[in-house]
Each structure stands twice: as C-alpha cells, then as structure tokens.
Amino acid sequence: MADFPYHEAPAHSPADLPVMLPGKPVGRDQLLAQVYGELQQNKAVLLHGAPGNGTSTIAATLASAYTQQGSGGALWLNVDDDSLAAMIVRVGRAYGDLSIANADDPTAMAGAAGALLAQNRPLVVLDGNPLMPAVTEFVGKVASGLPVMITADGDSPGTWASVAVPVLSDADATTLFTEKSSISTGEVPQIVSELGAQPFALVIAAGTARIAKMDGGTLLGALQAAPGAPHEKALQVGLTNLQAAFQGILLMLGATFNGSASIEMMSMLSNAPAETVQKVMAILAAAGFVQQDKRYEGLFYSLHPLTHSYAQTFLRNSGRLDALRDKVRETTLAYARKHTGTSAGDHNALAVEMDAFLATSNEAAERGEIDVASQIQVALTHAGDFVRGRGYLYELLQLKEGGSSVATPFAANPEVPADVANLFGDFTDAPDEPDYVEDDEIDAAESAPSPEDMFMRPPAGGNDADSLRGQIAAARGAGDNDRVLELQERLGTALRSAGKDTEALGVYNDLLASYEDADDRPKTLNALRNLSEIMVKQENSQAAVLHARRGARLAEELSDEASHAQMLRLLGDAQQQLGESTDAILAYSHGLDLAKTTSNRDLEGEIMMQLGFAQLDDDDTETAIKTWDGALALCRELNKRDCEGRILGGLGTAYGELERWEEAINFHTSAMHIAREVKDRKEEGLQLSNLGYAAKQANKLPQSVISYRQALHVAYVSDERDNIVSTIVDLARLLVNSAQHLEITDLLVNDALERDSSDREVVSLKERVSNEKIMAASQGITFKPVNGTAQVYASNAYALLDS
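Given the structure is predicted, the values throughout are model-derived calculations rather than measurements.

Analysis parameters
Residues numbered from 1 in each chain as written. Predicted model: local features only at pLDDT ≥ 70, side-chain atom pairs only at ≥ 80, totals over all residues. Heavy atoms only, no water. Helix = DSSP H or I, 4+ residues; strand = E, 2+ residues; numbered from the N terminus. Rg over C-alpha atoms; globule rule 2.2 N^0.38 Å. Buried < 20%, exposed > 50% of the residue type's maximum accessible area, 1.4 Å probe, protein only. Contact = heavy atoms within 4.5 Å. Pairing = 2+ DSSP bridges. Axes fitted to C-alpha atoms, helices over the stretch in contact; angles between N-to-C directions. Patch = residues over 30% accessible without salt bridge, like charges linked within 9 Å, V, L, I, M, F, W, Y side chains within 5 Å. Areas by Shrake-Rupley, 256 points an atom, 1.4 Å probe, with all protein chains shown as cover. Salt bridge = Lys/Arg side-chain N within 4 Å of Asp/Glu carboxyl O. Lys, Arg positive; Asp, Glu negative; His and termini not counted. Charge placed at Lys NZ, Arg CZ, Asp CG, Glu CD. Expected span 1.5 Å × (residues − 1). Core = buried A, V, L, I, M, F, W, Y, C linked by side-chain atoms within 4.5 Å. Nonpolar A, V, L, I, M, F, W, Y, C, P; charged D, E, K, R; others polar. Parallel < 35°, antiparallel > 145°, perpendicular 65-115°, else oblique. Left-handed = near helix turned anticlockwise from the far one by under 90°. pLDDT = per-residue confidence, 0-100. Disulfide = S-S within 2.5 Å. Phe/Tyr/Trp six-rings, centres within 6.5 Å; stacked < 30°, edge-to-face > 60°. Lys NZ or Arg CZ within 6 Å of the ring centre and 35° of its normal.

Remarks on the overall build of the protein chain
Consideration 1: Counting secondary structure elements, the protein chain contains 40 helices and 8 strands.
Consideration 2: In terms of C-alpha radius of gyration, the protein chain reaches 30 Å, essentially the compact-globule figure of 28 Å for 803 residues.
Consideration 3: With respect to the three principal axes, the spread of C-alpha positions in the protein chain is 85 × 75 × 55 Å.
Consideration 4: Buried residues in the protein chain amount to 54% of all 803 residues.
Consideration 5: Sequence-distant contacts in the protein chain: of pairs separated by 6 or more residues, those separated by 24 or more amount to 70%.

Laid out in structure tokens, this is it:
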C-alpha cells in the first residue's frame, strides 16, 4: 500500500511533524511546563490566544518532545471547521485503516477510530480553526484517555484544561526580535512596542529586515508609517519592501483559496521552473513569510492565516485578486486533469492537493459554479483506484455536495537556498513601492538569511549526521583516507551536539584506532579526550579512568599542559564516580596546579569546584569549604552562574554535614534560584530536595514539605521515574506523621506504586499509610481533602516559587 499523506501520518521524530520546528520558544517556559503537566496526565488542553500569539509554536514544541519519547509519537491534524466525520476519516488514513477512511458513515466508526488511537497512544494535536462542537465529540468519543492539544483563537468551555497564550513580555519580545533579526540597536524597544510584542509580527519584521537588508532605524520608520494592527504593520512593511520576485510569488500563493500549494502547483501557477520557485520560496520560508514542508518527497508551501488574509486584502485593493483567482481556479483544474493516471506518482500528486480541490470547489459553489466540483470529481474517479485505494471517499462525497470544509496545512522545515533567479513575469507587477534588494544581490548566496539562523535548525549543507555518513562512504570508496578522518571528526562533533553520545563513541573509537596506526599523537590525544568526556557523562566510569589516565600520560609526554590539566580533571571525575575520592583529590590537585600555570581561569574554576566535592566525600568538610570559597570567588569573577550555583549547593551540603542547618538552607536556596535562572532542571530538582532535607533537620517541617513538593514537580516535568519515586518517598515519610494528611499521603504513594510496584520503601509506606488511616478513622480524625492528582499537588506548591 502506498504511503498516506505526510501531514496526516503520525510523526515519530521532530522532522516528521508537518509544522515549522521553532526551536525553544522565547519566554514560554512556564506555559510549556503547565501544558506538559496536563498532557502527562493524558488530558486534553485548549491553547487559545489571538492569532499570531504563537499557540501553534507551543503545540509544535511539545509535539516535538513527544516524537522523541519512543512511544506513540504525535498525530498532528490541521483543522479548519472540520466535522467529526472528517477527523475520524483522517485518523483512519493516518494509520492506513481504509475501513474507517472509506466508511459510508464515518461517525459510526468513532469507536473503531478510538480503538486505533488507544492502541497507538499518540499525542493528538488539532491545530488551526477547530469547530468546537465537533472537537468536543472527537475528544470524548475518539481520543478519550489520550493527551490532546487543541489550538484556537478564543476560549471555549469543554472537558479540557484551558490555557491562554498571551503576547510576550517586552523583554522576551526584545530577545525574540534580536535573535531573528540580528539587530540590537537602540530602536529595538520601539520596534517591539510598535508590534505589540506579538510573536508573529516580530518574526515577520525580523525576516523583512534580513531579506531587505534594513537597519533598525529604517525598519522602525517604516513600521511607524504603516497603519493597522501589529501583524498588519509587519506584513505591509514586508510586502512593500520585498523584491519583485518574492512579492509576486507570495501574492500568488495568497490568491489560492486555502493558502497552500505544492511546488508543482506553484510552478504551474507562476509559469516558472520548479527550481526557481524553490529558491525563492526557501528564502521566504527563512524570513517567516511562508512555511515549507515535504510531502511525498516533494516540497509544499503554506501561509499563516494572517498572511493569507492580508495578501488577499493587498490584492483586492490593487484590483488584482479576481484575475489571479481565475488563474488559480483554472490551474487547479489543469493540475487535477494532469494526474488522472494510475501510477503512485499521480496518486501522490492528487493526495497532496486534496485540500486545494476542496477549497476551489467550495469557492466555486458559493458563486453558483457547480461545474468546477464536477470536473474535479471526474479527474479523481478516472485516476484508477485512487479514491478507495487511498481512502478519499469522504472527500469525493464532499465534492459531490458542491462544497466542504477545508483543512489549511501549516508546513515546515526550510532548506538553505544557494541562489535565486528573477523569473516571474506577469505576477511581479506591483504598485510603485521601493525595492530594497537588487537583482544581482538576490543572485548571490549570501543575500538570503539561512533557515537555521531564522528557526534555529541544525546546520544544513552536508553537516548533519546522515549527510556526513554518506560523504564518509563516498570518501572511503574513493580511497581518500584523509578526507574520511576529517569527515569522521565532523560526524563526532555533530553527534555530540545532537546528544547522540552512544553513536559518537563508535566514531571516536574508530578515530582513535586510525590515529594510533598513523602515530598521530596530538589527534590521538583529542580522541582520548572526547572518549573520556562521553564515558564520564554516561557514567561508564571504569573505562573513563583508563582513557583519561592514558590521555593524561600522553599530554605530559607532549608537554601539552592545557590538555594535561583537562585530562586530569576528567580522570578525577571518573574516580569520583567510582567512589575513589582520595585518588580523585590527587588528580584534581595536580590538574589545578597545571591550570594555574596555563592561566586557564575557566578550567581552574571547574577543577576547584570538583575538588571541593571530592574533599567533602573524603570527609574533609572544612577543607572543602575553604576550596569552595576560593572557587566561588573565581566563578563570580568569570560570571559563570551555573558554576556559582553548583558551588553554593555544595556549600549547603557541607554546612549540613556540620549540622549548621540555617546556613545550609540559605546556601541551598541561593543554589536553587540560580539553577532556575540558568534553566538547569536537574540541578533545580537536586537543590529543592536538599532544601527539603535541610528544613526537615532544622525542624521546619512546613518548609520541608513545600520544598519536597516543589522537587516532585520538577521530577514530574522532567519525567524521571526514579526521581519521582524517591521524592515521593521523602515527602510521604514526612506527611505520614500527620493524621490529617493521610489521604494525600496515600495519593502520593499510589502514584509511586504505579511507577515502580517493586520498590520496597514504597510498598512499606503503603502498608503503613493503610494502617494509620484505619487508626485515624477510629479516632474520628477528619482528613484534609484530596484535590486533583499527585502532579497537581506538586504543581500547586511549585507555583509559589513564581509568586
């Protein structure tokens, strides 16, 4: 069976999502944590906010995380007033179940579709313009018990958590605009103010600045002169400052009835070669004007609804909309007739543009031209077994009725263009507005901002892991060993940057063998350093000791004091993991001396910090405190906040060892706040747990309970089972001593049992809680009520940190 439409299939990696991958959204950490907490409980969440506020960006970020969890992935459905039947049909197609997709009455298949989703357990996303009564039925009948995200412009009551998505704060808006535009001059705050801190408007304005080479003052002046809402200001400045080729093809896409088209359709509409279209669209995608996706190995483009609406207004005001829409209608019919064959390629082409067929038919029916729908029907039914073989019976019936709802796609993943031609003939006519990009500049590769700059995507141009592996194979085939080694070095770096340390280990082991055979000692040392770093990170401690010790000897033989100090630090780290604190102290001390002689202040601070932990583990608390006092001053001098936070946490532990609990609490509190500042979740959770313990020892039990609850929230958000269970144990041990809190304690312990039913401490706590509840009931004690889940209990405490 042929593949089903890319935008309907469940995604099991971020690159498979049919949405623009935004990178980490600026200023949305709290929103992401809030929504993720609800989804983790298999609940539905409605993200609502004014168009342009970034609801889809938040949904894309969380969906991307779900695709990496190795479970059901993410099923992303773009909706535009879709009925319950339409959504059920698309679920069937997504999983290749044609009995659902081709059902005469799709709503009768709600149970089957629900079973299909329950079996695969994806995150379900309904993005765009949902028809809320239909969504209510879909969530209740089809996606019950699954995590569901719904994005909409406005709030709506239902069986879901409702989360508002506002515009950004001025500070976050400034950060976003600066990142996207590379403009950091004094006009930025005024630009942010003009655009109302709206993410969409900021991205469009930033893209305009890059593609039109506008400085901050020029951009600000243009925005101040433009009328309308923030997004209208940004789009007007963008459209009127685009070079004719860009403006022409953008407006052609805006003239389509659903604001999207494949590269083949765009080529037919513009009478330009597909290669030229692709180059222009890639730059527009990089600038945020369009979104780019891949369907059936072909490129697909779409407009944000705000851009689509504005483009149509722009064309209408210039008197060109009707003529361009006539061309769109004729081209759509020509495209359908072109692909009436029976090949997989023809069927793919029809599936890609099904939304366009429905939108064109619907628009024609509203004007009383039913012949358009009839012609599309004929093309579809003449294309072999396309309708039933691909599961498009529902859409065919919609065409027969002369109109239907249309799902507007939101696409993704731009690729870097090399150059751009200027070949758009009749479609480049525009009012007398200035061009800020000359034709010869467009032909140069550097004229276009790269998509990775705009959207923080991994570097293209052959530097991704798959491309590098292909290049390595080619170099090996050509017998170019030097090239192989160079590419392997790049592959190792790429894998480590992507967090694929296990794969990187194999690469560096190969490099180590090659450099040893060639007796290239400096590069052998570099391979040993990378291997040691990865092994320490993975806590493969024994192997790390062997590699680090060997690297330290080699660095000493090469008289490379800087590398020698680094290898001794890694040796100390590995020995610490093995509990060999005395040996670690020797390694760190020698490394510290070397770091001082090389004036490597960063490394000096890192080794001093680690030395303090080794001394503390070696029961030399007073010496550890003295070491950390020096390290703390150095880290503050270097403005290394993460290092400062870890040292403060260590000092908290040290003063706890001395039973100076008030001081310990103060140090752990400072360390926790720094961890939040630098967004180090792991360190934040550790310091909150340490705070809970220190407060308990200081007999500040209410504070201890709050800190443990906050630590539990961090563990839930990080989805770390062991941390969740161990923190529940610490918290439950406190609460079980209060008869009024026994119901809450039982709730927590039950959650821990669901995650690890074999944990002896949890099982023992469950027995004790059960016995205590019986005794408390016999004494007439009233339990504090349980409101929500264990995660909600933890989250409510964590919210206090923000207030």
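Quick look at the sheet that holds strand β6 (residues 260-262)
Consideration 1: Spatially, 3 strands are ordered β6-β8-β7 in an open sheet, and the strand pairing comes out antiparallel. At either margin of the open sheet sits one strand with a lone partner, and together these are β6 and β7 (291-295). In this sheet, neighbouring strand axes are inclined to one another by 25° on average, regardless of whether the strands run parallel or antiparallel.
Consideration 2: The sheet contact formed by β6 and strand β8 (residues 298-302) spans 3 bridges and is antiparallel. The partner of alanine 261 across the bridge, within β8, is tyrosine 301.
Consideration 3: Across the sheet, helix α13 (residues 263-270) is in contact with β6 and β8; its angle to β6 comes to roughly 100°.

Overview of a negative patch on the surface
Consideration 1: Taken together, the side chains of Asp617, Asp618, Asp619, Asp620, Glu622 and Glu657 present a region of like negative charge at the surface.
Consideration 2: Relative to the assigned elements, aspartate 617 resides in helix α31 (residues 601-617).
Consideration 3: The exposure class assigned to aspartate 617 is partly exposed, which follows from its relative accessible area of 47%.

With respect to helix α18 (residues 354-366)
Consideration 1: For α18, which comprises 13 residues, the first-to-last C-alpha distance of 19 Å matches the rise-based estimate of 18 Å (1.5 Å per residue) to within 8%.
Consideration 2: Tucked inside the fold, the buried residues of α18 contact α16 (321-338), α17 (344-352), α19 (371-381), α20 (386-389) and α21 (393-400).
Consideration 3: Downstream of α18 by one or two residues, glycine 368 has phi in the positive range, about 85°.

Looking at the environment of alanine 365
Consideration 1: Mapped onto the elements, alanine 365 comes out in helix α18.
Consideration 2: Along the backbone, alanine 365 and leucine 399 are 34 residues apart, and their C-alpha atoms lie at a distance of 9.8 Å.

Considerations on the side chain of histidine 741
Consideration 1: The residue histidine 741 is located in the loop between α37 (721-735) and α38 (742-755) in this model.
Consideration 2: Accessibility expressed as a relative area gives 19% for histidine 741, which makes it buried.
Consideration 3: Once residues lying within four places of it in the same chain are set aside, the contact partners of histidine 741 are Leu735 and Lys784.

Some thoughts on the nonpolar core
Consideration 1: If you look at the biggest cluster of nonpolar residues, it comprises 87 residues, and the most contacted ones within it are Phe177, Leu219, Leu284, Val290, Leu380 and Phe386.
Consideration 2: Examining the composition of this core, we find that 9 residues originate from one element, helix α9 (residues 199-211), more than from any other.
Consideration 3: Excluding residues within four positions of it along the chain, phenylalanine 177 makes contact with Ser182, Ile183, Val188, Ile191, Leu202, Ala205, Ala206 and Leu219.
Consideration 4: By size, the runner-up hydrophobic cluster in this structure holds 78 residues, among which are Ala465, Leu568, Leu592 and Tyr655.

Some thoughts on the packing of α38 against helix α40 (residues 790-802)
Consideration 1: Packing of α38 against α40 brings their axes to within 9 Å, and their N-to-C directions diverge by 115°. Counting all contacts with α38, which are made through Ile744, Leu747, Leu748, Asp751 and Arg755, the residues of α40 involved are Ala790, Gln791 and Tyr793.
Consideration 2: Residues belonging to the contact of α38 with α40 are distributed by class as follows: 5 nonpolar, 1 polar and 2 charged.

Quick notes on the packing of helix α1 (residues 29-39) against helix α2 (residues 55-67)
Consideration 1: Where α1 contacts α2, the two axes come as close as 11 Å, and the packing angle between them is 50°. Classified by the angle between their axes, α1 and α2 sit oblique to one another. Classified by chirality, the crossing of α2 by α1 is right-handed. For the pair α1 and α2, contact is made by Leu31, Leu32, Val35, Tyr36 and Leu39 and by Ile58, Thr61, Leu62 and Tyr66, respectively.
Consideration 2: Class assignment for the residues of the contact of α1 with α2 results in 8 nonpolar, 1 polar and no charged.

Digging into the confidence of the model for the protein chain
Consideration 1: Looking at the protein chain, pLDDT values average 86 and 91% of them are 70 or higher.
Consideration 2: Contacts of residues 403-461 to residues separated by more than four positions or lying in other chains number 184 contacts, the stretch itself having pLDDT below 50.

Thoughts on the pattern of salt bridges
Consideration 1: Scanning the model with the defined rule gives 39 salt bridges in all.
Consideration 2: For arginine 550, the salt bridge is made with glutamate 516, and the minimal N-O distance between the two is 2.0 Å. Residue arginine 550 is located in helix α28 (residues 541-557), and its partner glutamate 516 is located in helix α26 (residues 501-517); the two are separated by 34 residues in the primary sequence.
Consideration 3: Arginine 550 sits in the partly exposed class, given a relative accessible area of 33%.

Focus on unusual backbone geometry
Consideration 1: If you check the backbone angles, asparagine 42 has positive phi at about 55° while not being a glycine.
Consideration 2: Structurally, asparagine 42 is set in the loop between α1 and β1 (44-48).
Consideration 3: Of note in this structure, aspartate 719 is not a glycine but carries a positive phi near 55°.
Consideration 4: Position of aspartate 719 among the secondary structure elements: in the loop between α36 (701-718) and α37.

Let's talk about the state of the cysteines
Consideration 1: Applying the stated criterion across every chain, the model contains 1 disulfide.
Consideration 2: Linked covalently through their sulfurs, cysteine 635 and cysteine 643 form a disulfide whose S-S length is 2.2 Å. Across the pair, exposure class does not vary: cysteine 635 and cysteine 643 are buried alike.

Examining the sheet that holds strand β4 (residues 148-152)
Consideration 1: Read from one edge to the other, the open sheet built from 5 strands follows the order β2-β3-β4-β1-β5, with strand pairing classed as parallel. The sheet terminates laterally at β2 (74-80) and β5 (161-164), the two strands that pair on one side only. Here the strands of the sheet are splayed against their neighbours by 20° on average, with no regard to which way each runs.
Consideration 2: The pairing of strand β3 (residues 123-129) with β4 spans 3 bridges and is classified as parallel. Residue pairing in the sheet places leucine 126 in a bridge with isoleucine 150 of β4.
Consideration 3: Docked against the sheet, α1 engages β1, β3, β4 and β5, running at close to 170° with respect to β5.
Consideration 4: Sheet strands in contact with α2 are β1, β2, β3 and β4, and its direction is about 165° off that of β4.

Overview of the packing of aromatic side chains
Consideration 1: Throughout the structure, instances matching the rule amount to 6 aromatic pairs.
Consideration 2: Their ring planes at 55° and their centres at 6.3 Å tell us that tyrosine 335 and phenylalanine 357 sit as a pair that is tilted. Residue tyrosine 335 is located in helix α16, and its partner phenylalanine 357 is located in helix α18; the two are separated by 22 residues in the primary sequence. A single burial state applies to tyrosine 335 and to phenylalanine 357, both of which are buried.
Consideration 3: Here the aromatic rings of tryptophan 661 and tyrosine 693 are separated by 5.9 Å at their centres, their planes lie at 75°, and the arrangement is edge-to-face. Remark: tyrosine 693 occurs in helix α35 (residues 681-697) and tryptophan 661 occurs in helix α34 (residues 661-677); sequence separation between them is 32 residues.
Consideration 4: On the basis of relative accessible area, tryptophan 661 is assigned to the buried category, the value being 17%.
Consideration 5: Over the aromatic face of phenylalanine 300 sits the side chain of arginine 295, whose NZ or CZ is 3.8 Å from the ring centroid.
Consideration 6: A cation over a ring is seen here: arginine 709 above tyrosine 793, with NZ or CZ 3.8 Å from the ring centre.

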